[in-house]
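# Working through the structure, step by step
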Amino acid sequence: MNRLAPAVLDWILTTVLGVLVSCATAQAAEYFVSPDGNDDNPGSKDRPFATLVRSQKAARGQQATVWFRTGVYYLSETICLGAEDSGTTFAALPGEKPVLSGGTRLDLRWEPYRDGIMQAKTPAGLAIDQLFVNGRRQLMARYPNYDLNVLPYGGYAAGAFSRERASRWSDPVGGFIHAMHRAHWGGYHYRITGENTSGEVTYEGGWQNNRPMGMHPQHRYVENIFEELDAPGEWFHNAKTTTLYFMPPDDLNLAKAAVEVVRLRHLVEFNGSQENPVKKVTLRGFTFRHAARTFMDTKEPLLRSDWTIYRGGAVLFDGAEDCTVEDCEFDQMGGNAVFVNTYNRRVTIRGCNIHDTGASAVALVGDPKSVRSPLFHYNKRQRYADIDKTPGPQTDNYPADCVVEDCLIREVGVVEKQAAGVEISMAMGITVRHCSIYATPRAGINISEGTFGGHLIEFCDVFDTVRETGDHGSFNSWGRDRYWGLKDAPAGEMPRLALLDVVKPNIIRNNRWRCDHGWDVDLDDGSSNYEIYNNVFLAGGLKLREGFHRKVCNNVAVNNSLHPHVWFENSGDVVTGNVWMSAYRPAAMSPGLEKWGREVDRNLFTTSDTDRTKFAAKGCDANSLTGDPMFVAPAKGDFRVKDGSPALTLGFRNFPTDRFGVRKSALRAVARTPEIPPLRTGSGTVAAEPLATWKGATVKNLSGEEFSAIGVARNAAGVLVIVVPAGCEAARLGLRRNDFIQAVNGEQVKHVKDLLETLFAIPPGEKLTLKIIRHQKAETLGPGHDR
């Protein structure tokens, strides 16, 4: 056996020790950054750098920690983190409060203009998207003026951009129109391009909603119009004359105020790829401020959901693994706060305070090319023979195994009304845990489609939602996957096809929900493969629209119940062991459906046997009970049941009702909680609308949730067709069950009474033309039949 020479051994030992020392040094490397620093400094605690970019370059390849002192760091350009930055932690020094700003501070000399308006010259070439004064976002000059107590939009007017209003404007080009969707399914945005020869405003836009139906006739406003600058806090920037106009509130000393404007859309980007990802980079303890609005670039449709999206945010993840944003504040972002785009794995957003965002707080959105047989508009359909029947995604280019945890999210969707606290689309295995989400225009949490499932929503407190829109819930989902609306599919195949995209169950457990303008949890069109248990529904109950494989167990619905809408015959749904406080509230359920779901039974009704047995003919609740649930302390939100409760004999099991929402002490100190409603007594049965017969079909006026089930706005005029016997005159006209008749021969039909009067108003022999809504799409029938 050969022995190594002593010199060789010494060399080996020296080399190994050197490597170990080098590694230890690299792991322990620290750099410091301060607004008072200098990028020519070495980045030490005593001689810190001045910018993040300089510290980023110094830290590369060292597994370093970069510490930031208190101050505002105005970014000249977006910070781009690549694979070469892997292993770096950028963090606030304990007790310090660094701000990363995508704006710039202006040094202005204010002079009076008129009527309380001040003016100041701005640098040439400056474009102003948002104006901040002493840290607060101000209002672009708008009509009507902003009123905190008015929803939507803080004020609206039918004539916001009428010809009469526009006649007051000398140059409206560059102004914006914001309008709600006609059915309140989100909103639209338009840029004013000028006026035509008739004095009418011309504009472009309206692509921000994937269910286009036009503007709401009343809910609209305009901004960035100079002549509308007439209220304290409003401003207008004339880029042509480089003049900023501002009407300060009476209590503001403008001469001493800090005036800032926004420059950047994205403050920090993680720019990696699946092949070369950014790994183990952490951002901790920062305040992110001053990111531009992006509503005019919200264009890309998210499959067949109601959403379009802008793929960007103040912090953008693209190709990251095991990266974290924690203990940060996102303050008044113009668009999305955090966007997790396409391939990302194990990204974590934790302990953050996200508020007053123009769009969504956190969005996790994959690549549509990862979806098999995708469609991109609600009305599109495909045939069974044409779809790819392979389960699951076809690429890995989507977010997976990411976590949004212990975050306080509120006042989102300040500009864009198709926005959510957390938006999930084309992703897998996303966890949303211990988040408090409230004050949202639409859903608190939204899952846009079934692709690809495996999501976990737990211990969240979501309330005060759907404030400016409608037909939605604190939680909302769609399941308009490749199986949905499929043509020529064998009926027996549908339960299997429903699992092609949502390959893992989505779990909603141990949450508290409250929606006073819709449903607490709304599983809409096609939503399938859900497990929903241990939830408290405080106001709107649970809606299950058409879908398959839903398990609903061990929930408490305060003053409400289950809302089954348009169920499939072989849905396989299971609803057991719940506490309901009213009768079920079905909508557009097929009269021919002999049995609802696989099992709807062993539930406790707190109201009456009439409520419990109301749908016995549909195979429901033969073994359910009626009685007092014996809640522990319902006025305090404790909906556990006491020993001896009849719920326990039905299989109900108590679950904690004091662990909802954020846990971080600093966030709990400022987070709101929902109002706990007093328990109502008596039956929750809703009186049925009277029926009528028209040309052999049974018809009725819409009421309650049937507007949602049919897919029309709650104030829509028309008559619902509920039964069309074969061979009757209505059938020969082409009418089907669940058609919604809105006009006959050009005459509007508002109610059953109007429809019946057509029997006498239309001359004999005249052909009939019907305007209807079918499958949420306008159609025309006829002319085709004599009266």
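Attention here is on the structure that accompanies the text. In this text the structure is predicted, and so the values were computed from the model without any measurement.

What counts, and where the lines are drawn
- Residues numbered from 1 in each chain as written.
- Predicted model: local features only at pLDDT ≥ 70, side-chain atom pairs only at ≥ 80, totals over all residues.
- Heavy atoms only, no water.
- Helix = DSSP H or I, 4+ residues; strand = E, 2+ residues; numbered from the N terminus.
- Rg over C-alpha atoms; globule rule 2.2 N^0.38 Å.
- Buried < 20%, exposed > 50% of the residue type's maximum accessible area, 1.4 Å probe, protein only.
- Areas by Shrake-Rupley, 256 points an atom, 1.4 Å probe, with all protein chains shown as cover.
- Phe/Tyr/Trp six-rings, centres within 6.5 Å; stacked < 30°, edge-to-face > 60°.
- Pairing = 2+ DSSP bridges.
- Arc of directions from axis to C-beta.
- Contact = heavy atoms within 4.5 Å.
- Salt bridge = Lys/Arg side-chain N within 4 Å of Asp/Glu carboxyl O.
- Core = buried A, V, L, I, M, F, W, Y, C linked by side-chain atoms within 4.5 Å.

Secondary structure summary: the protein contains 10 helices and 68 strands in total. Radius of gyration (C-alpha) of the protein: 30 Å, near the 28 Å computed for a compact globule of 787 residues. The principal-axis extent of the C-alpha atoms belonging to the protein is close to 105 × 85 × 55 Å. Sorting the 787 residues of the protein into buried and exposed places 59% on the buried side. About 31500 Å² of surface is accessible on the protein, with carbon and sulfur atoms providing 50% of the total.

Okay, the packing of aromatic side chains next. Ring pairs (aromatic) are described by centroid distance and by the angle formed between their planes. By the definition in use, this model includes 30 aromatic pairs. Aromatic pair F176 and F295: ring centres 5.1 Å apart, planes at 80°, arrangement edge-to-face. Separated by 119 residues along the polypeptide, F176 in strand β14 (residues 176-181) and F295 in the loop between β24 (287-289) and β25 (300-301) bring together distant segments of the chain. Classification of F176 as buried rests on a relative accessible area of 12%.

Below, the discussion takes up the sheet that holds strand β17 (residues 215-223). Sheets are built from strands paired through backbone hydrogen bonds, the pairs being either parallel or antiparallel. Strands sit in the order β13-β17-β14-β15-β16 across an open sheet of five strands; the sheet is antiparallel. Sheet topology places β13 (142-143) and β16 (201-205) at the edges, where each strand pairs with a single neighbour.

With that out of the way, let us pick up helix α2 (residues 52-59). Buried within α2 are the following residues: L52, S55, Q56, A58 and A59. Buried residues of α2, viewed axially, fall in a sector of 165°; they line one side. Close packing links the buried residues of α2 with β1 (30-33), β2 (65-68), β4 (79-81), β5 (89-92) and β6 (98-101). After α2 finishes, the residue G61 shows a positive phi value of roughly 75°.

This brings us to the sheet that holds strand β12 (residues 139-140). A sheet is described by the order of its strands in space; here five strands give the open sequence β8-β9-β19-β18-β12, paired in mixed fashion. Each end of this open sheet is capped by a strand with a single partner; those strands are β8 (111-114) and β12. One ladder, built from four bridges, connects strand β18 (residues 234-238) with strand β19 (residues 243-246); its direction is antiparallel. Directly across from N238, in β19, lies its bridge partner T243.

Cis geometry marks the peptide bond from Y143 to P144; its omega dihedral reads -5°. Inspection of the secondary structure puts P144 in the loop between β13 and α3 (163-166). Of note, the bond from T451 into F452 is cis; its omega dihedral lies within 30 degrees of zero at 0°. Position of F452 among the secondary structure elements: in strand β41 (residues 452-453).

Moving on, we get to the pairing of strand β44 (residues 473-477). Counting buried positions along β44 gives five out of five residues, so the element sits mostly inside the fold. Both strand β40 (residues 445-447) and β44 contribute to a ladder of three bridges, which runs parallel. Each residue of the ladder has a partner; that of I447, found in β44, is S477.

In this section: the pattern of salt bridges. A complete count under the given rule lists 48 salt bridges for this structure. With a shortest N-O distance of 3.4 Å, D464 and R672 are connected by a salt bridge. With D464 in the loop between β43 (461-463) and β44 and R672 in the loop between α7 (665-668) and β62 (691-694), the pair connects residues that are 208 residues apart, well separated along the chain. For R672, a relative accessible area of 39% corresponds to the partly exposed category. Residue D524 is joined to K543 by a salt bridge in which the shortest nitrogen-to-oxygen separation is 3.4 Å.

For soluble globular proteins, the rule of thumb is that nonpolar side chains tend to be buried together. Within the largest apolar cluster, 86 residues are counted, with the highest numbers of intra-cluster contacts made by V268, F270, F288, F317, F330 and I445. Once residues within four sequence positions are removed from consideration, I445 is found in contact with V422, V432, I437, I457, C460, V462, S474, F475, N476 and W513.

Let's shift gears to the environment of N210. Residue placement: N210 occurs in the loop between β16 and β17. For N210, a relative accessible area of 5% translates into the label buried. Sequence separation between N210 and D46 is 164 residues, and the spatial gap between their C-alpha atoms is 55 Å. Among residues more than four places away in sequence, those in contact with N210 are P301, L303, R304, S305, D306, W307, T308, F376 and H377.

None of this, on its own, says anything about what the molecule does.
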